[in-house]
Amino acid sequence: MKYKDFLALRDWPSADLLNMLLLARSVKAEPAKYGRQLEGRALAVIMEKPSLRTRVSFEAGICQLGGFAINLSSGEISLGKRESVRDVAKTLERMVQGIVVRTFGHDIVEEMAKHTSIPVINGLTDFAHPCQAMADYLTILETKGDINGVRIAYIGDGNNVAHSLIFGAARFGAHLAVAAPAGYEPDPNVTRQAMADAAETGGKIEILRDPLEAATDADVIYTDVWTSMGQEDENEKRQRDFAGYQVNDEMARLAKPDYVFMHCLPAHRGEEVAASVIDSKHSIVFQQAENRLHVQKAVLLELMS
Ligand code: CP
Ligand code: NVA
């Protein structure tokens, strides 16, 4: 079956996601082979929040496939304010062949996908960041040689990035331990669904309180900012609530000796991660950032060919 949209990893079966990772590996190894596959195709990139990696990787990615991007910042469209999400979706399908959206509510990307015949790709919502998780799992595959059974410790906020890692662990059979402070756990519906889905792949999802317990014997330690885009008013409270959740040398010592450190970036050194960890030889954050490009080219090929 061909899926029209890429909104959350929970919507896609394991085999298709795995194929997408394999395609991404091929795109990374032999980019020239794919240079004309989306010739003349236009991709609208709607950004209602700031972005470096997502915007640049989609723009560069579509160009490298022979197409081109039209970047639309939030002031330009004002989704749902200047005109309805439905009207934006129905207009864009007359002009372009795909849409990337970064916005707040996940319902907005779902609404857009429902009202348009062209692919809609989630470039981050408050709920999920599926392109990030695909790049993360490609990076884990490259560095650990497999995803199945790899022990990942996610330390910090049960946010969009955590949700997509959780769905991915279920799909790819990883063992993911999330450690979050009280009140910042991942959405229990995400955890419940992922735990049920993980039974098929041998994946394992644990939600813990103690970050040191999660980090013990980990192959991968992953963290993200404590204050996501749109939560700036909560920043002071979050700095207090996340005390003890910084990924630092003391925590990293508990992981396997060849552990890797991952972060979706942007990072705040001295908050969720110590500089001595993110700037150490264990850190693979820029390989992870680069893989956004290769994975998203695979997503574009899959949906826009
Ligand atoms: N990781 C990520 O999505 O980065 P940007 O917010 O810079 O796009
Ligand atoms: N959780 C972060 C991820 C940024 C890529 C945010 O939503 O701001």
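In the block above lies the structure referred to throughout.
Residues numbered from 1 in each chain as written. Chains lettered and ligands numbered in written order. Predicted model: local features only at pLDDT ≥ 70, side-chain atom pairs only at ≥ 80, totals over all residues. Heavy atoms only, no water.

Trainee: So what about the packing of aromatic side chains? Which residues, and what values?
Mentor: The final tally for this structure, using the stated rule, is 8 aromatic pairs. Each member of the aromatic cluster is reached from another via a ring pair, and the members are Y184, W226, F242 and Y245. (Phe/Tyr/Trp six-rings, centres within 6.5 Å; stacked < 30°, edge-to-face > 60°.)

Trainee: Outline unusual backbone geometry, supporting the account with residue identities and numerical values.
Mentor: Cis rather than trans, the peptide bond between L265 and P266 has omega equal to 5°. Here P266 lies in the loop between β9 (260-263) and α12 (275-278). Of note, the phi angle at D217 is positive, near 65°, even though the residue is not glycine. Here D217 is to be found in the loop between α9 (211-215) and β8 (220-223). In this structure D217 comes out as partly exposed when scored by relative accessible area, which is 41%. One non-glycine residue, L265, lies in the positive phi region at around 65°. By the secondary structure assignment, L265 is in the loop between β9 and α12. Judged by relative accessible area, L265 falls into the buried class, the value being 11%. (Helix = DSSP H or I, 4+ residues; strand = E, 2+ residues; numbered from the N terminus. Buried < 20%, exposed > 50% of the residue type's maximum accessible area, 1.4 Å probe, protein only.)

Trainee: Would you mind going over the site of ligand 2 in detail, with residue names and values included?
Mentor: Around ligand 2 sit L124, N159, N160, V161, D224, V225, S228, M229 and L265, and that is every residue in its neighbourhood. Within the contact set of ligand 2, a nitrogen atom lies 2.7 Å away from a side-chain nitrogen or oxygen of D224. Burial of ligand 2 by the protein chains amounts to 94% of its free accessible area of 270 Å². Residue classes in the shell around ligand 2 are distributed as 5 nonpolar, 3 polar and 1 charged. (Near = heavy atom within 4 Å. Polar contact = N/O pair within 3.5 Å; in protein donor to acceptor, adjacent residues only side chain to side chain. Areas by Shrake-Rupley, 256 points an atom, 1.4 Å probe, with all protein chains shown as cover. Nonpolar A, V, L, I, M, F, W, Y, C, P; charged D, E, K, R; others polar.)

Trainee: So what's going on with the packing of helix α6 (residues 130-144) against helix α7 (residues 160-172)? Residues and values would help.
Mentor: Contact geometry for α6 and α7: axes closest at 9 Å, N-to-C directions at 50°. The angle between the axes of α6 and α7 places the two elements in the oblique class. Where α6 crosses over α7, the handedness of that crossing is right-handed. Along the contact surface, α6 presents P130, A133, M134, D136 and Y137, while α7 presents S164, L165, G168, A169 and F172. In terms of residue class, the contact of α6 with α7 is built from 7 nonpolar, 2 polar and 1 charged. (Axes fitted to C-alpha atoms, helices over the stretch in contact; angles between N-to-C directions. Parallel < 35°, antiparallel > 145°, perpendicular 65-115°, else oblique. Left-handed = near helix turned anticlockwise from the far one by under 90°. Contact = heavy atoms within 4.5 Å.)

Trainee: Which residues make up the pattern of salt bridges, and what values do they have?
Mentor: What the rule picks out here adds up to 18 salt bridges. The partner of D126 in a salt bridge is K49, with the nearest N and O atoms 2.6 Å apart. On the criterion of sequence distance, the pair formed by D126 in the loop between β4 (120-122) and α6 and K49 in the loop between β1 (42-47) and α2 (53-64) is long-range, its members being 77 residues apart. According to the relative accessible area criterion, D126 is partly exposed, its value standing at 43%. Of the residues examined, K49 reaches a relative accessible area of 7% and is grouped as buried. (Salt bridge = Lys/Arg side-chain N within 4 Å of Asp/Glu carboxyl O.)

Trainee: Could you give an account of the pairing of strand β6 (residues 175-179), with specific residues and numbers?
Mentor: Where burial is concerned, most of β6 is hidden: 4 out of the 5 residues are buried. In this structure, strand β5 (residues 151-155) lies alongside β6, joined through 5 bridges in parallel fashion. The residue of β6 that forms the bridge with R151 is H175. Of the crossover connections in this fold, the one passing from β5 over α7 to the parallel β6 is right-handed. Here β6 pairs with strand β7 (residues 204-208) via 5 bridges, running parallel. Residue pairing in the sheet places A179 in a bridge with L208 of β7. Traced from β6 through helix α8 (residues 188-198) to β7, the parallel crossover comes out right-handed. (Pairing = 2+ DSSP bridges. Right-handed = clockwise from strand over helix to strand, strands pointing away.)

Trainee: Tell me about the environment of L254, and name the residues and values.
Mentor: Turning to its location among the elements, L254 is positioned in the loop between α11 (249-252) and β9. The sequence separation of L254 and T116 amounts to 138 residues, and the corresponding C-alpha distance is 49 Å. Those residues in contact with L254 that lie beyond four places of it in its chain are L212, A215, T216 and D217.

Trainee: Describe the environment of N291, naming the residues involved and giving the relevant values.
Mentor: Tracing the backbone through its elements, the reader meets N291 in helix α13 (residues 285-304). On the basis of relative accessibility, which here comes to 0%, the residue N291 falls in the buried class. For the pair N291 and P211, spaced 80 residues apart in the sequence, the C-alpha separation amounts to 27 Å. Look past the residues within four positions of N291 in its chain and what remains in contact with it is K28, A135, L138, T139 and E142.

All we've got here are geometric facts, nothing functional implied.
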